[in-house]
Amino acid sequence: IHVTRRLRPLAHLEGDQLLASSPREHAALSASAGTGKTHVLTARVLRLLLAGVDPASILCLTFTKAGAAEMAERIHARLAHWVRLKDAELGRELLALDEDPGPEMRARARTLFAAVLEATGGGLRIQTIHAFAQSLLAAFPSEAGLMPGFRPLEGREEQLLARSTLADLLVESERQGDLGLVRDVQAMSLRLGEGGAETFLMACARAPAAMEALGPREGVEARLRLAFGLPLGDIEEAIARECADGAFDLDVLDGLARANRAWGAATGLAGCDLIAAWLGRDASGRGATLAELAGLVVTKSGDPRKPQAGLLRVEPGYEALAGRLIDCCRRLLSMRACAAMVEALAAGLRAGQAFARHYGEAKRAAGVVDFDDLIRWAEALLLTPGIGEWVRYKL
């Protein structure tokens, strides 16, 4: 005995949900979990069927297999439910969808379950995006520039292929004397850890076009410097030039020293000594101790120091002077920090660029594609002039 569960009556659609479910509207639906997106999408499919759309021409795409299964179950269960409902109850279901509850629409609603089962191609197509992309490419391999018989990589196999590709890349680099690439991988691994490094490299492999757009490996860091507004060449030398007498705001140091000296407290006199020691160094030494100078006016957390009441009595404009020094120091210290970040990022991108290229070659050699390839190639197929129109017509 086959027992089917009794479904709850359809909830009434109102406002934006009703608008989004209409077969006559193009709609983008954005909402958080549990707010009824699947209910609205299911209602849209039901209304398409009630409007007389051929079930074989409807395609539903989801992100996950579970999502696809849930949508299919909801739609089929509702259509089967309609076959057995009394007229009054079925009329209320149609009203909830903003459809005519009259005899003609009720009669059509009762035929939809059979219509879906008997539709060409097995009825409604409710698939994951990746499954759709795979079927599309398999149907048009020559148009997509692929060899027939490719297969998608599963998660565990993808992980094994990625690790073997990285190992082969490092062995080959050492054999060819490409120690720069080895150092880049080491630097990235020290910064991110083993798992983080693998995740970063796979992110690079999933964006082959972006990796190619980086250009030659030797110029990656220079292009990043330009993107972040950093000077080319040695950053410490650039900071040293900014700390020289003719470039640094020495007037603000003079004003701060005079205020602290006039205050006369031990803290103030220590500040005077700090300024004098910094000024006594050459430009390179000043650059190296810039953070020490900044400590006069900022805390360890980087917040501006609140001036003592005694300082403000002898120099009411002390906060403005301190602000000028903060701006000078922050600009140069930020340059140093940004340069360090760019250096680390360049190492990661150079490694990612090499890995992406080798990973792509490894996939082609094995006759496999990953899920990102499926989406990327399906998109390219549909956007190719001439071919894209033919594919959409065939669909």
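What you are looking at is a predicted structure, and each value in this text was computed from that prediction instead of being measured.

Engineer: Can you help me understand the packing of aromatic side chains in this one?
Structural biologist: For any pair of aromatic rings, the description rests on two quantities: the centre-to-centre distance and the angle between the ring planes. Tallied over the full model, the rule gives three aromatic pairs. Aromatic side chains Phe248 and Trp278 sit 4.9 Å apart centroid to centroid with 50° between the ring planes, which places their arrangement in the tilted category. Within this pair, whereas Phe248 is found in the loop between helix 12 (235-243) and helix 13 (250-263), its partner Trp278 is found in helix 14 (residues 266-279), the two being separated by 30 residues in sequence. For Phe248, a relative accessible area of 6% corresponds to the buried category. Owing to a relative accessible area of 1%, Trp278 belongs among the buried residues under this scheme. Plain terms: the ring middles of Phe355 and Tyr359 are 5.6 Å apart, the flat faces sit at 10° to each other, and that makes the pair stacked. Placement of both Phe355 and Tyr359 in helix 18 (residues 318-366) is noted, with a separation of four residues, approximately one turn of the helix. Judged by its relative accessible area of 2%, Phe355 is buried.

Engineer: Please explain the side chain of Arg47 as it appears in this structure.
Structural biologist: Counting through the fold element by element, Arg47 comes out in helix 2 (residues 37-50). Overall, Arg47 belongs to the buried group, its relative accessible area being 2%. A distance of 2.9 Å separates a polar atom in the side chain of Arg47 from a polar atom in the side chain of Ser21. A polar contact of 2.9 Å, which involves the side chain of Arg47, links it to the side chain of Glu99. Those residues in contact with Arg47, other than ones at most four positions away along the chain, are Leu18, Ser21, Ser22, Pro23, Arg24, Leu97, Asp98 and Glu99.

Cut-offs and rules
Residues numbered from 1 in each chain as written. Predicted model: local features only at pLDDT ≥ 70, side-chain atom pairs only at ≥ 80, totals over all residues. Heavy atoms only, no water. Phe/Tyr/Trp six-rings, centres within 6.5 Å; stacked < 30°, edge-to-face > 60°. Helix = DSSP H or I, 4+ residues; strand = E, 2+ residues; numbered from the N terminus. Buried < 20%, exposed > 50% of the residue type's maximum accessible area, 1.4 Å probe, protein only. Polar contact = N/O pair within 3.5 Å; in protein donor to acceptor, adjacent residues only side chain to side chain. Contact = heavy atoms within 4.5 Å.

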